[in-house]
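A closer look at the structure
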Amino acid sequence: MKNPPYIDIAPTPCYVCEEELLEKNLILLDSVQKATGAKILLALKGFAMWSTFDLVGKYLHGTAASGLNEALLGREKMNKEVHTYSPAFKEEEIEEIAKISDHLVFNSTNQFKKFVKKAKNANPKISIGIRVNPEVSSAPTDIYNPCGLYSRLGTIIDEFDESVVENGIDGLHFHALCEQNVDALEAVLKGFEEKFGHLIKKMKWINFGGGHHITRKDYDVNRLIEVINDFRNRHDNIAVYLEPGEAVGWQTGPLVATVLDIVKNKMEIAILDTSAEAHMPDTLAMPYRAMVRNSGLPNEKKYTYRFGGNTCLAGDIIGDYSFDEPLKIGQKIVFEDQIHYTFVKNTTFNGIKLPSLAIYRKNKKLDVVKEFGYEDFKNRLS
Ligand SMILES: *Cc1c(COP(=O)(O)O)cnc(C)c1O
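Computed from a predicted model, the values in this text were never measured in an experiment. Counting from 1, residues in each chain are numbered in the order their sequence is written. With the structure being a predicted model, the display of local features is reserved for residues of pLDDT at least 70 and the display and counting of side-chain atom pairs for 80 or more, all residues being used for whole-chain, interface and lining totals. The basis for the side-chain values is all heavy atoms of the structure; hydrogens and waters are excluded.

**Quick word on the sheet that holds strand 5 (residues 103–106)**
Quick reminder of the rule: If DSSP finds at least two bridges between two strands, the strands pair. In this description a helix means any DSSP run of H or I spanning at least four residues, a strand means any run of E spanning at least two, and both kinds are numbered starting from the N terminus. Axes here mean lines fitted to C-alpha atoms, for a helix over just the part in contact, with angles spanning 0 to 180 degrees between N-to-C directions. The contact criterion used is simple: two residues touch if any of their non-hydrogen atoms lie within 4.5 Å.
Strand order in the closed barrel formed by eight strands is 2-3-4-5-6-7-8-9, with parallel pairing between adjacent strands. Neighbouring strand axes in the sheet, compared pairwise and without regard to direction, differ in orientation by 25 degrees on average. Sheet topology places strand 2 (residues 39–43) next to strand 3 (residues 62–65); three bridges connect them, and they run parallel. Residue Leu42 lies in a different strand from strand 3, and its bridge partner there is Thr63. Across the sheet, helix 8 (residues 221–234) touches strand 8 (205–207) and strand 9 (239–242), and the angle it forms with strand 9 is around 145 degrees.

**Section: the domain arrangement of the protein**
Filter applied, for reference: An automatic or database domain assignment is the source of the domain bounds shown. Summed over both partners, the accessible area lost on bringing two parts together, with a 1.4 Å probe, is the buried area. The working definition used for a salt bridge is a side-chain nitrogen of Lys or Arg within 4 Å of a carboxyl oxygen of Asp or Glu. Asp, Glu, Lys and Arg are counted as charged, while Ala, Val, Leu, Ile, Met, Phe, Trp, Tyr, Cys and Pro are counted as nonpolar; the rest, among them Gly, fall into the polar class.
Considered domain by domain, the protein is made up of domain 1 (6–15 + 252–378) and domain 2 (19–249). Just the C-alpha atoms count here: the centres of domain 1 and domain 2 sit 32 Å apart. Facing the 19 residues of domain 1 at the interface are 21 residues of domain 2. Summed over both sides, the interface of domain 1 with domain 2 buries roughly 1,800 Å², with 60% coming from carbon and sulfur. Counting every contact that joins domain 1 to domain 2 gives two salt bridges. For the salt bridge of Arg361 with Glu19, the shortest nitrogen-to-oxygen distance reads 3.0 Å. Mapped onto the side of domain 1 that touches domain 2, the elements with two or more residues apiece are helix 11 (282–285) and strand 15 (356–360). Counting residues per element, the side of domain 1 that touches domain 2 draws most heavily on strand 15, which supplies four residues. Counted by class, the side of domain 1 that touches domain 2 contains 11 nonpolar, two polar and six charged residues.

Here it is as structure tokens:
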């Protein structure tokens, strides 16, 4: 694949979100909204590049936040619906969160009882929900399975104190998927309805959570539309929300890095100005192999290199890649699809530079919207 011209001018390391690709995702998500009446929110956990929120807010209904800071960001930068869920809210934050949220979702009936009065006093219009755990999931990896064994996320039916339903619950929320297609949603929805179906008629809305990989090429969007419409038809046209994060930022741009040095220790090792640990954490946590533009598997092409980060962590290894031509010091390396779950997780570990954030505009101009420096490193420490 030929590099677009911005690759050469991007200050590295740099995440580049391509506006055109982001809008393509938003238009597809909007087509689901239009065909079903469901409302789609951006889950900030996966994608929080707020300089794009004017664009995102043209299509989606708002933001899904996981606590005070994300709720503040959603209110300030998109200012549409703000839905806030947290595994556990804190006494000192609940009023501020309630004031700026449209929906507040508690993780347990315990938390509901503890905070519902305070929340409603702070914001009489707030709509209250409970996150339930349908105990069905086929999420691909344990660390990203919200319904795995002993999960703390959402209340299981055996622990659900149904007396709360009479005390001001408007909705139920489940989140059970991770990077999955609509067949996985259908299985979860079946489990949800078997366990919690008798409560749906008392609700105003159901939130299907995130993990829907709607913008991935092989996602069955038509089937999703059928599933949502069927659910709404069977339940008195109840409001349905979806809150994907990854599907919004999916394949919207790369992380661009530079080869700083090439060393040898029984193989060729390229040291880059980026880091698996600090900038591409899921390559270690999930783990997965990031795609590098114009590369092959080790030994598939003539020249193989191990890509190491510019930190002193021995395990800061991104992976092994092969190329048709030898790499050169100073050459740009393009890691594909690095916009979701990357900069939201970045750390200043080892003092290495946080990657810049840039937007490649539809008019082919590169806007570097944020650069980081020493102050950002220092201000996180004391
Ligand atoms: C992580 C999360 C999401 C978004 O999930 P994606 O996999 O990014 O679509 C939505 N809702 C909740 C409650 C989450 O924890």
